Protein chains: 2
Amino acid sequence: MRLSRYFIPTLKENPQEAQILSHRFMLRAGMIHQEAQGIYSWLPLGLRVLKKIENIIREEQNKAGALEVLMPTLQPADLWRESGRFDAYGKEMLRIKDRHERDLLYSPTNEEMITAIFRKFVRSYRDLPKMFYQINWKFRDEIRPRFGVMRGREFLMKDNYSFDLNYEDAVNAYDLMYKTYLKTFKRLGVKVIPTQADSGPIGGDLSHEFCILAETGETTLYYDPIYDTLGSDFDHKDISELKKYYAATDEKHKPGDAPIPEEQLSVARGTEVGHIFYFGTKYSEVMNAKIVNPKGEEVLAHMGSYGIGVSRLVGAIIDASHDDKGIIWPESVAPYRIGLINLRSGDANCDKVSNDIYTQLTNNNEEVLYDDRDQRLGVKLADMELIGLPWQLIIGPKGIAQNTVELKCRKTNESQELSLESALNHMTKNNARAA
Amino acid sequence: MRLSRYFIPTLKENPQEAQILSHRFMLRAGMIHQEAQGIYSWLPLGLRVLKKIENIIREEQNKAGALEVLMPTLQPADLWRESGRFDAYGKEMLRIKDRHERDLLYSPTNEEMITAIFRKFVRSYRDLPKMFYQINWKFRDEIRPRFGVMRGREFLMKDNYSFDLNYEDAVNAYDLMYKTYLKTFKRLGVKVIPTQADSGPIGGDLSHEFCILAETGETTLYYDPIYDTLGSDFDHKDISELKKYYAATDEKHKPGDAPIPEEQLSVARGTEVGHIFYFGTKYSEVMNAKIVNPKGEEVLAHMGSYGIGVSRLVGAIIDASHDDKGIIWPESVAPYRIGLINLRSGDANCDKVSNDIYTQLTNNNEEVLYDDRDQRLGVKLADMELIGLPWQLIIGPKGIAQNTVELKCRKTNESQELSLESALNHMTKNNARAA
């Protein structure tokens, strides 16, 4: 994409309304535009990141055998009266009347609707296990929306619901999602800690929050230091072993809770981006979602739900991966992989070399953002640092005279003068490694 | 995908609530589930079709240089007060109050919001032309929603907005979208007629509706028979030549309007699936969206909008492509390309051959729906006809004894007994031709 034809309205100054780093960078990098309190438009650069995150989540959900559906954002109140939540949900639920004065609501979550679909069409244990998920916008009318997409009102979420014949099968579904989440977050290029969360009246250990480590995280995490060393073997471990390691948010943690001495615990800030939860027959009971077991008896379906905050992740990844100059995108979610900078647009040589490289890379299916604008060198370099593409390929008159280009890695800040061929070769190698 | 693990709740009987063919087939094929009047959940099979259509539209929009954004479904009323439409829009606009009693609405279209984004960030003719599009859910509170997804309340739409310096440039944008639409619908496997539509007080010929030909279409079309012969060269013609050929819906057509004798006109039923529209400075004027021209003067931006009904297309394609037994999907939008039917699940030979073929095809990145259910032969065959995948590969004990499989083309109804190798080869060739 040529920047001259694109649309990245970057800001030089920090916007006053933004209190946290990710919100500042998202506004400054022209990724989003606020339309109302906690309601945003996604501009081209932001939307590309959102879609990349969404696709990685979708691929891992599909691999786990979950079936994608799409439920409407507006739902009839009667469905929510069955579970008692139309009245119980509180003011975060946006209630609406249509032209015929019928009660609707903007879905904040979807246990009711998916349970209604399940009970209508699924009757036999032979059709189990089943997992349905969707990636769709939800609305929660937060009293004080803030921190940009981190606590917005209209937000994108992946929500998955599992249906099983009994507790044991439901635990299998839960464990499958636990592992799927570890794989998903690893692919997203972020480090997460799965913390034990409150599971409400059901009890047990079947509720985990997945938190991204970030200095500006919303909560404090206390966890077994083994998480710091597990590294990339994280998701290869046996699930029952993984679940033994202690980790809790400050809400839940009490000194002495952990099976290891308090002073040996790692302490860090983190932000919740996922939550998995087994809730048994809570909804199947009130909504009468029954299945016939192998003995021919009707039994209540055991359910779980599994959420990931997709739009929230855009902010959380930025909070976890940035420096003073801007965002540092993990390769898997970067809006473009390569930023090609023509340091002197208008100079015939620079234009020719830059255009040639751009054509070559795009023909090669590389995702390239090409800064061909008639802009000052300082602006171009600062903008490219701010938007944080993994690789910068910098073309200037000095280099051209020596047949070299500058290849810079945004993450390490390392810069090399290379022949064009070597630079392209280098990036291809890195591409192969990342994939 | 193995059907035993999938979720296609087919119905044998025609649902009483469905008045038109596409609605009946979508319900019977388990593609959608009604949640409220004009509000649907998309079940796995339906969602796959919706996504395929969406992706083809997206690719063609991107090729035309349009930039994808995503605007929120809920928008502040104040923005719509600027254009006067918050009051003028009528009851189809769903008006909402949030917890702080602020007026919101569920966006039925997005001229206001995109104009506000444009005026905030774009100032110079150097940044033009610009086209922004999104593919997102809209809500229009139809008084009598009906015909399933053809006239729903919550519906998926691609809406694109162009911004240009002057009339001439705006016409270029318009023509570009005209051509893009022809390409898009051709890729979707349907025949469309671009009809001249009312362009309101602005006048001129810069409003066209694109209608899919279908016997059950909502309107009657009168058009130059050249459209019937243009065939696949349709989109290679010069745009000014194309626009000359007469075509109008019954709303607009008056005998004698056409430049050719009335009795020579083709007459057919059609359904509107797209609309392109130049509306000049209508919104830029009331919302003060100005740009600086090369002379340094501030001038109003010339705008157009370009819609495609994405969810409506699912129904419209079915109305245009089906037979008594069910849907006949064009290859480009089929939820799966191949339906593999194991006629006798449980038979060791049939299971082994079917499983092997399934593995081979999926390893080859073919999209295969494998009916491995323990079901009667008649049910399996009827279900496969109903859901309308382009190719059926039928495995039964008789064929296995003779080392053959049956390959059936859903569209032509032609069936061949072939060696497995020939069958696979045949489908690969057809794949190459379709791509």
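Treat the numbers as computed from the prediction; the structure is a model and nothing was measured. (Residues numbered from 1 in each chain as written. Chains lettered and ligands numbered in written order. Predicted model: local features only at pLDDT ≥ 70, side-chain atom pairs only at ≥ 80, totals over all residues. Heavy atoms only, no water.)

Draft legend 1. Molecular detail of the interface of chain B and chain A. Contact residues are listed per partner, giving 53 residues for chain B and 53 residues for chain A. Across the chain B/chain A interface, buried area totals approximately 4700 Å², and carbon plus sulfur atoms make up 65% of it. Broken down residue by residue, the surface that chain B buries against chain A is led by Phe7, Leu70 and Arg99 of chain B, which jointly contribute 15%. Viewed at the interface, chain A and chain B are joined by two salt bridges. With its nearest N and O atoms 2.9 Å apart, the salt bridge here joins Arg153 of chain B to Asp98 of chain A. Tallied by class, residues from the side of chain B that touches chain A come to 29 nonpolar, six polar and 18 charged. (Contact = heavy atoms within 4.5 Å. Buried area = accessible area lost by both parts, 1.4 Å probe. Salt bridge = Lys/Arg side-chain N within 4 Å of Asp/Glu carboxyl O. Nonpolar A, V, L, I, M, F, W, Y, C, P; charged D, E, K, R; others polar.)

Draft legend 2. Fine view of the relation of the copies chain B and chain A. The two copies are related by a screw operation: chain B maps onto chain A through 180 degrees of rotation and 0.0 Å of translation along the axis, at an RMSD of 0.0 Å. Both copies of the chain, as the preceding transformation shows, are related through a two-fold rotation axis. Residues of chain B ranked by C-alpha distance from the rotation axis are headed by Ile96 of chain B, positioned 3.0 Å from it. An overlap of 100% is found between the interface residues of chain B and their copies at the interface of chain A, pointing to a shared contact surface. (Least-squares fit on C-alpha atoms with pLDDT ≥ 70 in both.)

Draft legend 3. Region of interest: the sheet that holds strand 4 (residues 74–76) of chain A. Residue and element names in this part refer to chain A. Within the open sheet, the three strands sit side by side as 4-6-5. Their pairing is antiparallel. In this open sheet, the two strands that pair with only one neighbour each are strand 4 and strand 5 (94–97). Each adjacent strand pair in this sheet contributes to an overall mean axis angle of 35 degrees, direction not counted. Where strand 4 lies against strand 6 (residues 103–106), three bridges are found, and the strand directions are antiparallel. The partner of Gln75 across the bridge, within strand 6, is Leu105. (Pairing = 2+ DSSP bridges. Helix = DSSP H or I, 4+ residues; strand = E, 2+ residues; numbered from the N terminus. Axes fitted to C-alpha atoms, helices over the stretch in contact; angles between N-to-C directions.)

Draft legend 4. Examining the confidence of the model for chain A more closely. In this model, chain A carries a mean pLDDT of 93, and residues with pLDDT of at least 70 account for 96%. Of the two predicted TM-score estimates for the complex, the pTM is 0.97 and the ipTM is 0.96. (pLDDT = per-residue confidence, 0-100.)

Draft legend 5. Local environment of the environment of Lys237 of chain A. Residues and elements named next belong to chain A. Topologically, Lys237 is positioned in the loop between helix 7 (226–230) and helix 8 (239–242). Taking the C-alpha atoms as reference points, Lys237 and Lys179, separated by 58 residues in sequence, lie 9.3 Å from one another. Once you skip the residues sitting within four places of it in the chain, Lys237 turns out to touch Lys179, Leu230, Leu242 and Tyr245.

Draft legend 6. Structural view of the side chain of Glu142 of chain B. Within the element layout of this structure, Glu142 of chain B appears in the loop between strand 7 (130–139) and strand 8 (154–164). Given a relative accessible area of 16%, Glu142 of chain B falls into the buried group. When near neighbours in sequence (up to four residues on either side) are disregarded, Glu142 of chain B contacts Arg99 of chain A together with Glu92, Arg151, Gly152 and Arg153 of chain B. (Buried < 20%, exposed > 50% of the residue type's maximum accessible area, 1.4 Å probe, protein only.)

Draft legend 7. Representation of unusual backbone geometry in the model. Here the residue pair Leu128 of chain A and Pro129 of chain A is connected by a cis peptide bond, since its omega of -5 degrees sits within 30 degrees of zero. Turning to its location among the elements, Pro129 of chain A is positioned in the loop between helix 5 (111–121) and strand 7 (130–139). Its identity as a non-glycine residue notwithstanding, Phe147 of chain A has a phi of 60 degrees, on the positive side. Note that Phe147 of chain A resides in the loop between strand 7 and strand 8 (154–164). Here Phe147 of chain A falls in the partly exposed class, since its relative accessible area comes to 25%. Located in the positive-phi region is Glu101 of chain B, a residue other than glycine, with phi close to 65 degrees. Among the secondary structure elements, Glu101 of chain B is positioned in the loop between strand 5 (94–97) and strand 6 (103–106). According to the relative accessible area criterion, Glu101 of chain B is exposed, its value standing at 54%.

Draft legend 8. Main features of the sheet that holds strand 6 of chain B. Residues and elements named next belong to chain B. Strand order in the open sheet formed by three strands is 4-6-5, with antiparallel pairing between adjacent strands. Bordering the open sheet on either side are strand 4 (74–76) and strand 5, each of which pairs with just one other strand. The average angle at which neighbouring strand axes cross in this sheet is 35 degrees, direction not considered. Pairing of strand 5 with strand 6 involves four bridges; the strand directions are antiparallel. Among the inter-strand pairings, Leu94 is bridged to a residue of strand 6, identified as Tyr106.

Draft legend 9. View of the packing of aromatic side chains. Scanning all chains against the criterion turns up 37 aromatic pairs over all chains. Judged by centre distance (6.0 Å) and plane angle (75 degrees), the ring pair of Phe121 of chain A and Phe7 of chain B falls under edge-to-face. Separated into two different chains, Phe121 of chain A in helix 5 and Phe7 of chain B in the segment before helix 1 (21–28) make up a pair that spans both. For the pair formed by Phe121 of chain A and Phe7 of chain B, the shared burial category is buried. Taking the centre distance of 5.2 Å and the plane angle of 55 degrees together, the rings of Tyr181 of chain A and Phe210 of chain A count as tilted. With a gap of 29 residues between them, Tyr181 of chain A in helix 6 (residues 167–187) and Phe210 of chain A in strand 10 (residues 207–213) connect regions that are remote in the sequence. Against the face of Tyr336 of chain B rests Arg48 of chain B, its NZ or CZ located 3.8 Å from the ring centre. Over the face of the ring belonging to Phe86 of chain B we find Arg95 of chain B, whose NZ or CZ atom lies 5.1 Å from the ring centre. (Phe/Tyr/Trp six-rings, centres within 6.5 Å; stacked < 30°, edge-to-face > 60°. Lys NZ or Arg CZ within 6 Å of the ring centre and 35° of its normal.)

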